[in-house]
Amino acid sequence: MDREQLAKWEEQVRLALALAERADEQGMAEVMQASHSRGGGLGHGLVPMLLRAMQAEGLYEEDLVERLLDLGPGWTGNREESLQLRALLLGEPPEEIAPSERLQWRYRVIRNFLQRRTQRKPLILVLEDCQWGADALAFAKFMLDSSSAPILFVCCWTEAPAASNRLEQELIEEILKHSQTKILSLSPLKAEVIESLIGHFLTLDQQTLSELSQRSGGIPLFAVELLRDWARRGWLKTGETGFL
């Protein structure tokens, strides 16, 4: 992964999170966030997202059961769904669920939890780096096909997933065909916009400013990171009209 790709992904996720956080700050929706990466990780995916939402990360089994009994509206006394959710979070599907049916069971349990969560307020689910998140994409498609709950999925991915990510690419294409789906593409900013942005941080001479704008490829986060990198390396010198 080169720095330009990294900057594109970070800028995309930053904007998505800004949208979600704004809604959360105004009390309009609850935000949940699922991260993904090429190699995966313990904190990545749908289940860690649920644990964070319940503030249940790192809880032992007994404490997790207690937390499940206190999830707010719609959950008190709902023993069956609490047991199903517990089984999901612990990775212990019921024995009566056949292996071929476990994925659908898993999605139904997550759907039930999210739908009940919307009794508090609507949800925004931010799914980061979906080019590595086939499971999250498949769940988003499952929800589009099976739920009318007030849940907004904000799925972030690169423009062209690698050939090895064929499953993710197919899922993205299927999701985009759905009538409730909208796509927002982030186009590079014009040079004058990038130059104006950099001017808020530091005064550069025009040649240096133009070079920075060109190298950024119109990606504001990458432009800022380039500027910081040049400063760290001591490459910026004081000139008559600004740093160069």
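The structure this text deals with has already been given above.
The structure contained in this document is the topic of the report that follows.

Reading the values: rules and limits
Residues numbered from 1 in each chain as written. Predicted model: local features only at pLDDT ≥ 70, side-chain atom pairs only at ≥ 80, totals over all residues. Heavy atoms only, no water. Salt bridge = Lys/Arg side-chain N within 4 Å of Asp/Glu carboxyl O. Helix = DSSP H or I, 4+ residues; strand = E, 2+ residues; numbered from the N terminus. Buried < 20%, exposed > 50% of the residue type's maximum accessible area, 1.4 Å probe, protein only. Phe/Tyr/Trp six-rings, centres within 6.5 Å; stacked < 30°, edge-to-face > 60°.

## Things to note about the pattern of salt bridges
Scanning all chains against the criterion turns up 7 salt bridges. Salt-bridge contacts for K141 lead to D145; the nearest nitrogen and oxygen are separated by 3.0 Å. Of the two residues, K141 and D145 are both situated in helix α6 (residues 134-146); the distance of 4 residues between them amounts to about one turn of the helix. A relative accessible area of 25% means that K141 is categorised as partly exposed. Between D229 and R232 there is a salt bridge, and its shortest N-O distance comes to 3.8 Å. Of this pair, D229 and R232 are both found in helix α10 (residues 220-232), 3 residues apart, which corresponds to roughly one turn of the helix. On the basis of relative accessible area, R232 is assigned to the exposed category, the value being 58%.

## Some words on the packing of aromatic side chains
Summed over all chains, the structure comprises 4 aromatic pairs. Their ring planes at 55° and their centres at 5.5 Å tell us that Y107 and F139 sit as a pair that is tilted. Placement of the pair is Y107 in helix α5 (residues 102-117) and F139 in helix α6, with a sequence separation of 32 residues. The same class applies to Y107 and to F139, which are both buried. Residues Y107 and F142 carry aromatic rings whose centres are separated by 5.6 Å and whose planes lie at 45° to one another, so their mutual orientation is tilted. Highlighted residues: Y107 in helix α5 and F142 in helix α6, separated in sequence by 35 residues. For the pair Y107 and F142, one class covers both residues: buried. Joined through ring pairs, the aromatic side chains of Y107, F139, F142 and F153 make up one cluster.

This is a description of form; function is not addressed.
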